[in-house]
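# Working through the structure, step by step
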Amino acid sequence: MRERAISDAGGAWLTRSLWPLLAAPATLWLLALFVLPFYVIMSIAFGDLDPIFLTPIPVYNPIAWDPTAFTDLLGDIFTSGSIYQAAFARTLVYVSIATGLCLAIGYPVAYFIARHAGRWKGLFLLLAVAPFWISYLMRMLAWINLLRPEGLVNRTLQSLGLIDTPVNWLSGRPTTVILGLTYGYIPYMILPLFGALDRIAGPTLEASRDLGAGQVSTFLRITLPLSRQAILAGCVIVTLPMFGDYFTTTLLAATRDTSMVGNLIVTSIQSSLVQTGASLVLLLVALLIVPMMYYLRSTARALQVGA
C-alpha cells in the first residue's frame with residue numbers, strides 16, 4: 001500500500017509538472033518576441049524626445065514615463081477633421097464591411113465543403129487554403145495587374161457591356177481596398193467555419209428533420225447555433241490582422257483618402273514621428289483587446305454550458 005501511495009504521489013507530481021514544462025518553450029518564445037518588444041514600444045510611446053533631432057529616447061523605468069505624447073494623440077483622434085480620426089473611422093468601416101463579406105462568402109463555402117463535398121472534401125479544402133502557399137504581397141501585386149485600366153477586369157466588363165470606358169480601380173477607391181482585404185483574409189474565415197460545421201453530427205441533423213423541421217428550420221435552429229463559436233472565432237481571426245494591414249491600401253490605393261491606421265503607423269515610423277507611431281500601436285492594441293476579451297468570455301461561457 002505504501003509503495004502504491006508513493007507511486008500515485010509521483011504520478012500526480014508528474015501530471016502537475018508535465019504541462020508547464022511542455023508550455024515553457026512557447027512561454028519563453030512569447031516573452032522574447034511579444035512581451036519584451038511591446039514593453040519597448042511602451043517605453044518609446046511614454047519616453048522622451050530629443051529636442052534637436054526629434055528622435056525618441058526610450059525610458060524603461062515606468063515611474064518616469066511621460067504620457068503627454070499619448071494623450072495628445074488621443075486628443076487628435078477625438079478632434080473633428082484630424083487625419084487620425086479619419087484614419088480610425090475609415091479603418092473601422094473598411095474592416096467591418098470586409099469582415100461581413102468574408103463571413104457572407106466564407107460560410108456557404110465552408111458549409112458546402114463540410115456537408116456536400118463528399119469524397120472531394122479534401123480537394124476543396126486544399127483549394128480553399130491554397131492562397132496560403134503564395135505570399136500575400138505577390139497576391140496583391142497580381143491584383144494590380146488585373147485592375148489596371150488595360151487589365152483583365154476592365155476588358156471583361158467592357159466585353160459584357162457593363163462599362164463603356166476603362167475604370168481606374170487603382171486611383172484610391174474604397175471599394176478596391178475593401179475587396180482586397182476580403183480576398184486576402186477570407187481563407188482565415190473558411191477554416192474555422194469548416195472545422196465547426198464538419199464536427200456537427202449527421203444524426204443530429206437527421207433527428208431534426210425526423211421531427212418535422214425543414215432544411216431552413218434545421219439550419220436556423222441547429223446548424224447556425226452550433227457554428228456560432230466558429231463564426232465568432234473566424235471574425236476575430238480575420239479582424240485582428242485587418243486592423244494592422246497596410247499592404248493592401250498601399251498597393252491597391254496609395255492615397256491619403258484611403259489610408260488606414262496601419263499606414264499611419266508605417267508613415268510615422270519612417271519619419272521623425274516614431275513616438276506617435278508607438279502611441280498608435282498602443283491605441284490599436286487597446287482597441288483589439290475588446291473583441292479578444294469578448295471572444296474569450298463567449299468561449300468560456302460556451303464551455304460551461306457544454307459541461
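This part takes up the overall build of the protein. Each helix and strand counted, the protein has 13 helices and two strands in total. For 307 residues, the compact-globule estimate of 2.2 N^0.38 gives 19 Å, and the protein exceeds it by more than 25% at 25 Å. If one aligns the C-alpha atoms of the protein with their principal axes, the spans along those axes are about 75 × 75 × 35 Å. Partitioning the contacts of the protein with sequence separation of at least 6, the portion at a separation of at least 24 is 65%. Total accessible area on the protein is roughly 18,600 Å²; 69% of this is exposed by carbon and sulfur atoms.

With that settled, consider the side chain of Q275. One can find Q275 in helix α13 (residues 274-306). By relative accessible area, which is 10% here, Q275 ends up buried. One polar contact links the side chain of Q275 to the main-chain carbonyl oxygen of G47, over a distance of 3.0 Å. If we skip the residues at most four places from it in the chain, Q275 touches I44, A45, G47, D48, L49 and A69.

Glancing now at the packing of aromatic side chains. Think of a pair of aromatic rings as described by two things: how far the centres are apart, and how the planes are tilted against each other in angle. Within the structure shown, the criterion is met by 11 aromatic pairs. Where Y136 meets Y185, the ring centres are 5.5 Å apart and the plane angle is 40 degrees; that geometry is what we call tilted. With Y136 in helix α5 (residues 136-147) and Y185 in helix α7 (residues 174-199), this residue pair connects regions lying 49 residues apart in the sequence. We note that Y136, like Y185, is buried. Ring pairing ties together the aromatic residues Y39, F46, W65 and F70, which thus form one cluster.

On to the pattern of salt bridges. One pass over the full model with this rule turns up one salt bridge. Across the salt bridge formed by K121 and D198, the nearest N and O atoms sit 2.8 Å from each other. Remark: D198 occurs in helix α7 and K121 occurs in helix α4 (residues 121-129); sequence separation between them is 77 residues. Overall, K121 belongs to the partly exposed group, its relative accessible area being 24%. By relative accessible area, which is 34% here, D198 ends up partly exposed.

With that settled, the discussion passes to the nonpolar core. In terms of nonpolar packing, the biggest core is built from 56 residues, with L181, L193, M242 and L280 touching the most fellow members. Elements with a minimum of two residues in this core: α1 (2-45), α2 (68-77), α3 (83-115), α5, α7, α10 (228-243), α12 (261-270) and α13. Sequence-distant contacts of L181, that is, excluding residues within four places in its chain, are made with Y94, A98, M242, D245, T248 and M260.

By the secondary structure assignment, Y60 is in the loop between β2 (56-57) and α2. Exposure remark for Y60: the relative accessible area of 48% places this residue in the partly exposed category. When the C-alpha atoms of Y60 and I41 are compared, they prove to be 9.9 Å apart, with 19 residues separating the residues in sequence. Here Y60 is in contact with Y39, V40, S43 and W65, once residues within four sequence places are set aside.

Summed over the entire model, instances satisfying the criterion amount to zero disulfides. The cysteine C102 is free of any disulfide, with C235 supplying the nearest cysteine sulfur at 8.8 Å.

With that out of the way, let us pick up the environment of P241. Tracing the chain through its elements places P241 in helix α10. Distance in space between the C-alpha atoms of P241 and Y295 is 16 Å, their sequence separation being 54 residues.

This next bit is on the packing of α5 against helix α6 (residues 152-159). With their axes 5 Å apart at the nearest point, α5 and α6 run at an angle of 40 degrees to one another. Facing α5, whose interface residues are W143, N145, L146 and L147, α6 presents L152, V153 and N154. Per-class residue counts for the contact of α5 with α6 are five nonpolar, two polar and no charged.

In this section: the side chain of S227. When you line up the elements, S227 lands in the loop between α9 (215-226) and α10. Taking the relative accessible area as the measure of exposure, S227 reaches 0% and is therefore buried. Within the local environment of S227, its side chain forms a polar contact with the backbone oxygen of T223, the two atoms lying 3.0 Å apart.

Calculation rules
Residues numbered from 1 in each chain as written. Predicted model: local features only at pLDDT ≥ 70, side-chain atom pairs only at ≥ 80, totals over all residues. Heavy atoms only, no water. Helix = DSSP H or I, 4+ residues; strand = E, 2+ residues; numbered from the N terminus. Rg over C-alpha atoms; globule rule 2.2 N^0.38 Å. Contact = heavy atoms within 4.5 Å. Areas by Shrake-Rupley, 256 points an atom, 1.4 Å probe, with all protein chains shown as cover. Buried < 20%, exposed > 50% of the residue type's maximum accessible area, 1.4 Å probe, protein only. Polar contact = N/O pair within 3.5 Å; in protein donor to acceptor, adjacent residues only side chain to side chain. Phe/Tyr/Trp six-rings, centres within 6.5 Å; stacked < 30°, edge-to-face > 60°. Salt bridge = Lys/Arg side-chain N within 4 Å of Asp/Glu carboxyl O. Core = buried A, V, L, I, M, F, W, Y, C linked by side-chain atoms within 4.5 Å. Disulfide = S-S within 2.5 Å. Axes fitted to C-alpha atoms, helices over the stretch in contact; angles between N-to-C directions. Nonpolar A, V, L, I, M, F, W, Y, C, P; charged D, E, K, R; others polar.

By themselves, these are just geometric observations and shouldn't be taken as functional.
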